[in-house]
Amino acid sequence: MKDILEGLNASQREAVTATEGYVRVIAGAGSGKTRALSRRFAWLVDGLGVIPGRILCVTFSNKSANEMRQRIHALTGDNDTGYVNTFHGFCVSVLQEDSHAVQYPKSFIVLDNSDIDDILRIVYAERGLTLRDMTFAEARDMFEIRKLFKEPRYCLDLIALPLERLRKKYEEAAETADILFYGYLYQQKKCFGLDYNDLIVFTLHIFEREPEIRRKWQQRLEYVMIDEFQDIDGLQYRLMEALCGFHKNLFVVGDPDQTIYTWRGASVKYLLDFDARHPGTRTIMMMENYRSTPQILAAANSLIGKNETRVKKDLLPVRAPGAPVRCFHGETAEDEARWIAAEIKKLREAGAPCKSCAVLYRAHYLTRSLEAAFLKEKIPYTIYAGVQFYDRAEIKDALAYLRLVAYRDDLSFRRVVNAPRRNMGARRMAFLEERAASLGCSLWEALTATLDEEIFKGTRAAAFVRLIERFSAAPVLPVSEALSGLLDESGYEAMLRTEGAQQRLDNLAELKQAVHEYETTCGEESGVADYLRHAALFTDGDRAESADTVRLMTVHAAKGLEFPHVFLCGMNEGVFPTRRTRTLQAMEEERRLAFVAVTRARDALCLTEAGGRTLDGSPRYPSRFVLDIDPELLQHVAPPRPGLIEEARERIAESERQLRCDSRIEALPPGTKVTHPVFGPGVIVDADADELCYTVRFDRLATPRRLSFKAPLTRS
Ligand code: ATP
Ligand code: MG
């Protein structure tokens, strides 16, 4: 028991041992909130004898869930780590058990964006639509709006319809938006797919309408703990309320200064009002920062101090002094990238591993010049995102093989039946599509039923069927073995070797490594279906961590992480803060984002920016976030030309005045019924404070519209 509390300060100990009732931790970056959370898990299990399966621990990303499982495993020595997951991941677990309540089988598939796009391709082709009618991204947004805002109940009723009825609705639909929506629902139901929105909405629906199931989960989850609570959104909040309604043991930790997802519906009010909503709440503060040197913290405090709407709290350093925070000004973006590469090279020569360095940026497009510089200096690096790792063709193909073995669904079938080539081209696929439609069965069933027919002579369809059947028959094969076997025996890897596609082979090797890591943290007994449901939620942050490479990622992706050496690049006006920052609130969120970036650094922090011209030809200025920091705290390595800083200050002051002006326009909240003089009546489904525009669904229009806050809307 004592061990569990070792290496914790007094407030952390309090957070760990105050197990009953509502407990809220509000504390700054690097103060050991996440450390306290994982120790608390160990305390519950080892100290109090609570069963891990009775604890729900919600993390913000899969990556932090994995880390947490490992920490808990190391602390408790127990393989059962309970429900340690993101909200989405937890919903998968609920639906695996209770999806029958929404008329869905347990063998549902989780659809990611590229699966949705695959479905859309079919619908567009069937109904002769083109991207000019609506882009895929717009269609996905439309689905999201319909599912989350337009009476979720209505969508649930739709999805509960028998397949034939859905098909009829699809066939009868006349307007583009309806065609796509019903077409999507039909295809979705056909393969028993659930998208990310469904995961949350379905689970919430089950909890709110099925008291017995809710009771079961409430009774099971004796303790609920949530990390990064400052970024929880409304639906997640309802889910949480439903879950802790019986034992009423809820522990949340967050830092209001790190709220960076309000653009996606998160709200810090849930953290700040927590005590009002839950009388008897115990609030614990943590002031010391264990992560960063005093120099880094002073810069961070100085930066976040410029936000007007915040509760003032400074991070107190615990660590010994280190090097000053450095600033580099390059003449061009290439200069800037070269300097970063040269610095990392020096660090490597001094013995630092590559993975101790991270380059953070506001947006992905900044990676281009970095990549060129790293290639030149032969510095190995990994970009988290860009073309998303899990969206790459070879990764989707590999997962489709696994998925076909588990579900025999059409989506996966279409993906891999002719990869590698088996002579199953368009003509034969059309034949199968038609058969499947007339028999009312899946493509896989259509193929197995017609395998002996003339049309499949000269193809390798039979070998394909045998391969899939053999792997399906194998009793609970570990995922890693199934994956290696399928990639090898299908000839998929051989195809890549012939093509000389080394990068793709490397990616597959990385996938295998990730599967291996999954098995070691989640237990080998978790089968293919289990893995797949979670894999659909994986993002780039979940990639194998073993490689010694420099990490390149956006600040959003770096949330909760820490690195000895952090380079924060592209610190220019118009980049960070982005040009799209149009209100004071949005500017404060950008500043919080910069604060998150700065507080990821443990030993050394460098802020870099470049001069030159922006896209519209105007000069580029250093970011206001660099100027926010007390100049005494910064060491300029290559200062900009005399006068640039002064010019920048003038420009920034002007932009602040503009922001204050724009912010006076008051936005109507989502849900407000409005009337437009031309479009007629409608409802606001979203109000985007960054872009200063609404998304409105008008009764008479097929698609939702984006309109400026200044649009002539009146409440109706
Ligand atoms: P963030 O707000 O960025 O998520 P956090 O509050 O969750 O930060 P942690 O990641 O838990 O902070 O801790 C930051 C660092 O400080 C980690 O390296 C952790 O191991 C270390 N740390 C936390 N508490 C202590 C402590 N009491 N003594 C020594 N080191 C600590
Ligand atoms: Mg944390």
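Residues numbered from 1 in each chain as written. Chains lettered and ligands numbered in written order. Predicted model: local features only at pLDDT ≥ 70, side-chain atom pairs only at ≥ 80, totals over all residues.

1. Comments concerning the nonpolar core
Right, so step 1: Formed by 188 residues in total, the largest nonpolar core has its most connected members in Val 224, Ile 340, Val 359, Leu 360, Leu 402 and Val 598.
Right, so step 2: Top element by residues in this core is helix H19 (residues 393-407). It accounts for 10 residues.
Right, so step 3: With residues up to four places along the chain from it excluded, the contact list for Val 224 reads Leu 56, Met 240, Leu 243, Cys 244, Asn 249 and Leu 250.
Right, so step 4: Of all hydrophobic cores here, the second largest spans five residues; its members include Val 674, Ile 684, Tyr 694 and Val 696. (Core = buried A, V, L, I, M, F, W, Y, C linked by C-beta atoms within 7 Å. Buried ≥ 20, exposed ≤ 12 C-beta atoms within 10 Å, placed from the backbone. Helix = DSSP H or I, 4+ residues; strand = E, 2+ residues; numbered from the N terminus. Contact = placed C-beta atoms within 7 Å.)

2. Details of the UniProt feature "binding site: ATP" (unreviewed entry) in the protein chain
Right, so step 1: In the numbering used here, UniProt assigns the feature "binding site: ATP" (unreviewed entry) to Ala 27, Gly 28, Ala 29, Gly 30, Ser 31, Gly 32, Lys 33 and Thr 34.
Right, so step 2: Summarising the element assignment, Ala 29 is placed in the loop between strand E1 (22-27) and helix H3 (33-47).
Right, so step 3: Looking at the element boundaries, Thr 34 is found in helix H3.
Right, so step 4: Residue Thr 34 is classed as buried on the basis of its 20 C-beta neighbours within 10 Å.
Right, so step 5: Residues contacting Thr 34, with those up to four places away along its chain left out, are Asp 227 and Gly 560. (UniProt positions renumbered as here; feature names shortened; annotations may be inferred.)

3. Some thoughts on the sheet that holds strand E22 (residues 714-715)
Right, so step 1: The sheet built from five strands is open, its strands ordered E21-E20-E19-E18-E22 with antiparallel pairing. Two strands in the sheet have a free side with no partner beyond their single neighbour: strand E21 (705-708) and E22. (Pairing = 2+ DSSP bridges.)

4. Quick word on the sheet that holds strand E12 (residues 357-361)
Right, so step 1: Taken together, seven strands build an open sheet; the order of strands is E13-E14-E12-E15-E16-E11-E17 and the sheet is parallel. Each edge of the sheet is formed by a strand with only one pairing partner; in this case those strands are strand E13 (381-383) and strand E17 (634-638). Between one strand axis and the next, the sheet turns by 25° as a mean value, whatever way the strands run.
Right, so step 2: Pairing analysis gives four bridges linking E12 to strand E14 (residues 550-554), with the strands arranged parallel. Bridge assignment links Leu 360 to a residue of E14, and that residue is Met 553. (Axes fitted to C-alpha atoms, helices over the stretch in contact; angles between N-to-C directions.)

5. Side note on the site of ligand 1
Right, so step 1: Close contacts around ligand 1 come from 19 residues, with Gly 32, Lys 33, Thr 34, Arg 35 and Tyr 290 the closest.
Right, so step 2: Here the element with the most residues in the shell around ligand 1 is H3; it accounts for three residues.
Right, so step 3: Here the shell around ligand 1 gathers at least three residues from each of two domains, domain 1 (10-95 + 202-286) and domain 3 (296-387 + 546-662). (Near = placed C-beta within 6 Å. Domains from an automatic or database assignment.)

6. Examining the packing of helix H2 (residues 10-17) against H3
Relative placement of two packed helices is described by the angle separating their axes and the distance separating the axes.
Right, so step 1: Closest axis-to-axis distance for the H2/H3 pair is 8 Å, and the angle between their directions is 45°. Classified by the interaxial angle, the pair formed by H2 and H3 is oblique. The chirality of how H2 crosses H3 is right-handed. Counted together, Gln 12, Ala 15, Val 16 and Thr 17 of H2 and Arg 35, Ala 36, Arg 39, Arg 40 and Trp 43 of H3 form the full contact between these two elements.
Right, so step 2: Looking at the contact of H2 with H3 residue by residue, the classes come out as four nonpolar, two polar and three charged. (Parallel < 35°, antiparallel > 145°, perpendicular 65-115°, else oblique. Left-handed = near helix turned anticlockwise from the far one by under 90°. Nonpolar A, V, L, I, M, F, W, Y, C, P; charged D, E, K, R; others polar.)

7. Digging into helix H22 (residues 443-450)
Given 3.6 residues per helical turn, the α-helix brings residues three or four places apart onto the same face.
Right, so step 1: Considered for burial, the residues of H22 that qualify are Leu 443, Trp 444, Ala 446 and Leu 447. Seen along its axis, H22 keeps its buried residues to an arc of 160°; they face one direction.
Right, so step 2: Those residues of H22 that are buried lie in contact with helix H20 (410-416), helix H21 (426-439) and helix H23 (461-473). (Arc of directions from axis to C-beta.)

8. Re the domain arrangement of the protein chain
Right, so step 1: Split by domain assignment, the protein chain resolves into domain 1 (10-95 + 202-286), domain 2 (109-191), domain 3 (296-387 + 546-662), domain 4 (389-537) and domain 5 (672-715).
Right, so step 2: Using C-alpha coordinates to define each centre, domain 4 is positioned 44 Å away from domain 5.

9. Here we look at the environment of Leu 701
Right, so step 1: Counting through the fold element by element, Leu 701 comes out in the loop between strand E20 (693-698) and E21.
Right, so step 2: The exposure class of Leu 701 is partly exposed, given the 15 C-beta atoms found within 10 Å.
Right, so step 3: Taking the C-alpha atoms as reference points, Leu 701 and Glu 175, 526 residues apart in sequence, are found 9.5 Å from one another.

10. Brief notes about unusual backbone geometry
Right, so step 1: In this structure, Pro 420 follows Ala 419 across a cis peptide bond, with omega equal to 0°.
Right, so step 2: Here the amide bond leading from Phe 576 into Pro 577 is cis, since omega sits at 5°, within 30 degrees of zero.
Right, so step 3: Note on placement: Pro 577 falls in the loop between strand E15 (563-568) and helix H29 (584-598).
Right, so step 4: Residue Lys 378 is not a glycine yet carries a positive backbone phi of 55°.
Right, so step 5: Looking at the secondary structure, you find Lys 378 in the loop between helix H18 (367-377) and E13.
Right, so step 6: With 8 C-beta atoms packed within 10 Å, Lys 378 lands in the exposed category.

11. Some thoughts on the packing of helix H16 (residues 294-304) against H29
Right, so step 1: Following both chains from N to C, one finds H16 and H29 inclined at 175°, their axes separated by 9 Å at the closest point. As far as their axial angle goes, H29 and H16 are roughly antiparallel. Taken together, the residues of H29 that come into contact with H16 (itself represented by Ile 296, Ala 299, Ala 300, Leu 303 and Ile 304) are Arg 591, Ala 594, Phe 595 and Val 598.
Right, so step 2: Its residues placed into classes, the contact of H16 with H29 shows eight nonpolar, no polar and one charged.

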